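Overview (structure and organization)
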Amino acid sequence: MFSKVLIANRGEIAVRIIRTCREMGIRTVAVYSEVDTRALHVLEADEAVSLGESEPSKSYLHIEKIMDAAKRSKAEAIHPGYGFLAENPNFAEACEHSGLTFVGPPGPVIRDLGNKTMARRIMMSAGVRVIPGMMEASRDPERLLREAGNIGYPVLVKAVAGGGGKGMRVVSEAEAMREACLSAMSEAEKAFGDGSLYLEKHLETPRHVEFQILADRHGHVVHLFERECSIQRRHQKIIEETPSPVMTPSLREAMGRAAVSAAKAAGYVNAGTVEFLLDRSGKFYFLEVNTRLQVEHPITELTTGLDLVREQLQIAAGDALRFHQADLLQRGHAIECRLYAEDPEKSFFPSPGLVLLHRKPSGPGIRSDCGIYEGFKVPVEYDPIIGKLIAYGETREASRRRMIRALENYAILGIQTTIPYLIDILKSPEFAAGDLSTDFIERYFQGWRQSMEDSDMAKIAYILHDLASSVKGPTTQSAHGRPTPWETLGDWRL
Ligand code: MV4
């Protein structure tokens, strides 16, 4: 096993990886930008190397700086977390060329699966059903128009280098094709440096069900069951759960088998996720492979008992998987809520700033993966995810109620968060019934506003937040001339 690992990431996922390394006796090296000088991952790692300027392209996305930090600190492996360089094949290859182990799949596998039509061809050859559509990309609007006619409207225009909804357009008639292709092409060119497009039949109101897989370097592949990720807003997942409320043992077996075939066909190694769209009739279609540890991995951990970061490190070190498919069991139900520093009343506008108060919930079945602390200034430069809350229970209803309880016990002052919004989704009759689809948020939670009948804790937090943010300068001078706790609250680490 490695004796030192560099974590090329920040926030909750860097902290998450550091924790497992600590348990395994592996020393950790954090990297950080200027605004992250006092970030939690820096405080928790054994060593930390500065990357300088905060702009992502000059810090967490800068391959040479990170390679240099790894060499100087004598790390043997690099864990990329999610986002940033996690799915960059050039980064994975740069690591291997410098004699560092990349904790993830081989560069060429990342490259193949990142090309969405290549991924479709691989899956088709493996006998995994793909959504009807094109098997190679094009930049010719006339060709795309002809193909759309063959597929039949509505079609979905997708970027071959895409993922996450960028460069995607639903087109319901031939007249709208040219315009949609041109705008998708320029969006894809800007986002990925590759404007090539392909088309798929557009599936209406599907569910998003993904399978976690683990593959070692010896050709063994297992799946760790599914995660349902249908609750998302603008291609940003907000609530994930496992098992999926619609899963049956036979569907699970069929989808799990497809996920394992997909991984084998791609030559996959390490942890990955095979995404499917599931239609109302129970037919499932390959969507894409995510070649990284995902944000929502904890729900799989709670229901299988495994530590996915430990599995990743062992696979990267060359160990064989210690279990077969038949050894794996799913137990209970887990739900994850992603917590964002965003204001849900102001169309989810980012809400960075100083965390004045931070009280995390705890208790039975509650896990908190968090990247902030009281006194930390959430920077504007990066993704606004501040952490995740995960609730485990024997049944879906038990974990749902537990999650509501925990969210109502969560107090964060100084920044706006999506917590009140999450509470209302979890309490909705539609969510409670498990009636989920990728248009859930558009259907039920458009134009959401906070209700003042929220929990006592929410009310108190609300009042305290107003109080705390209105307390400024001399108006709070105490009689004894020393600063009041309100003035210093949150400042003690600065
Ligand atoms: C689709 C689809 C319907 N039909 N493809 C969105 C992100 C990208 N990874 C693929 N996505 C979709 N592809 C066809 N042919 C619907 C979506 C989609 C979606 C997928 C997963 C989770 C949330 C979603 C929200 C809207 C649309």
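Scroll up a little and you will see the structure.
Throughout what follows, the structure given in this document is the object of discussion. Because the structure is a prediction, the values reported are computed rather than measured. (Residues numbered from 1 in each chain as written. Predicted model: local features only at pLDDT ≥ 70, side-chain atom pairs only at ≥ 80, totals over all residues. Heavy atoms only, no water.)

Helix and strand counts for the protein chain stand at 17 helices and 22 strands. Taken over the C-alpha trace, the protein chain has a radius of gyration of 23 Å; the compact-globule value for 494 residues is 23 Å, and the two agree within 12%. Dimensions along the principal axes, computed over C-alpha positions, put the protein chain at roughly 80 × 50 × 45 Å. Per-residue burial over the protein chain gives 57% buried out of 494 residues. Intrachain contacts of the protein chain at a sequence separation of at least 6 include 66% that bridge at least 24 residues. Of the roughly 20,800 Å² of accessible surface on the protein chain, a fraction of 51% belongs to carbon and sulfur atoms. Here the protein chain contributes 60 positively and 66 negatively charged side chains, and the mean placements of these two sets differ by 2 Å. (Helix = DSSP H or I, 4+ residues; strand = E, 2+ residues; numbered from the N terminus. Rg over C-alpha atoms; globule rule 2.2 N^0.38 Å. Buried < 20%, exposed > 50% of the residue type's maximum accessible area, 1.4 Å probe, protein only. Contact = heavy atoms within 4.5 Å. Areas by Shrake-Rupley, 256 points an atom, 1.4 Å probe, with all protein chains shown as cover. Lys, Arg positive; Asp, Glu negative; His and termini not counted. Charge placed at Lys NZ, Arg CZ, Asp CG, Glu CD.)

A word on the nonpolar core. Among the nonpolar cores identified, the biggest contains 98 residues, and Leu6, Ile78, Phe91 and Leu407 are the most heavily contacted of them. Ranked by residue count, the leading element in this core is helix 1 (residues 11-24), at seven residues. When residues no more than four places from it in sequence are discounted, the contact partners of Phe91 are Ala8, Ile63, Ile66, Met67, Ile78, Leu85 and Phe102. Ile122, Val209, Phe284 and Phe286 belong to the second largest nonpolar core, which has 28 residues in total. (Core = buried A, V, L, I, M, F, W, Y, C linked by side-chain atoms within 4.5 Å.)

So, about the packing of aromatic side chains. Applying the stated criterion to the full structure yields 12 aromatic pairs. A ring pair is formed by Tyr421 and Trp448, whose centres lie 5.3 Å apart and whose planes are at 80 degrees; its orientation type is edge-to-face. Here Tyr421 is found in helix 13 (residues 419-427), whereas its partner Trp448 is found in the loop between helix 15 (440-444) and helix 16 (456-470), with 27 residues between them in sequence. Both residues of the pair, Tyr421 and Trp448, count as buried. The interplanar angle of 20 degrees and the centroid separation of 6.0 Å between the aromatic rings of Phe440 and Phe445 together place this pair among those described as stacked. For the residue pair Phe440 and Phe445, the accessibility class agrees, reading buried in each case. Three or more aromatic residues link up through ring pairs in this structure, and these residues are Phe348, Tyr421, Phe440, Tyr444, Phe445 and Trp448. (Phe/Tyr/Trp six-rings, centres within 6.5 Å; stacked < 30°, edge-to-face > 60°.)

Taken across its nine residues, strand 21 (residues 385-393) has eight buried, putting it largely inside the fold. When strand 14 (residues 333-340) meets strand 21, the two strands line up antiparallel, connected through eight bridges. Bridge assignment links Leu339 to a residue of strand 21, and that residue is Gly387. As judged from the five bridges shared by strand 19 (residues 366-370) and strand 21, these two strands associate in the antiparallel manner. Counterpart to Asp369 in the pairing with strand 21 is Lys388. (Pairing = 2+ DSSP bridges.)

A word on the site of the ligand. Lining the immediate environment of the ligand, one finds 17 residues, of which Lys158, Glu200, Lys201, His208 and Glu288 sit closest. Taking Lys158, its side chain carries an N or O atom lying 2.9 Å from a nitrogen atom of the ligand. One nitrogen or oxygen atom from the main chain of Leu203 is found 3.0 Å from a nitrogen atom belonging to the ligand. Within the complex, the protein chains bury 89% of what would otherwise be the 520 Å² of accessible surface of the ligand. Those elements that provide at least two residues to the shell around the ligand are strand 6 (155-159), strand 8 (197-201) and strand 13 (284-290). (Near = heavy atom within 4 Å. Polar contact = N/O pair within 3.5 Å; in protein donor to acceptor, adjacent residues only side chain to side chain.)

So, about unusual backbone geometry. In this structure, Pro154 follows Tyr153 across a cis peptide bond, with omega equal to 0 degrees. Take Pro154: it is sitting in the loop between helix 7 (141-151) and strand 6. The omega torsion across Thr242 and Pro243 is -5 degrees, close enough to zero to call that bond cis. The residue Pro243 is located in the loop between strand 11 (236-242) and helix 9 (249-265) in this model. One non-glycine residue, Thr205, lies in the positive phi region at around 40 degrees. Turning to its location among the elements, Thr205 is positioned in the loop between strand 8 and strand 9 (207-215). Non-glycine residue Arg234 carries a positive phi angle of around 50 degrees. On the basis of relative accessibility, which here comes to 68%, the residue Arg234 falls in the exposed class.

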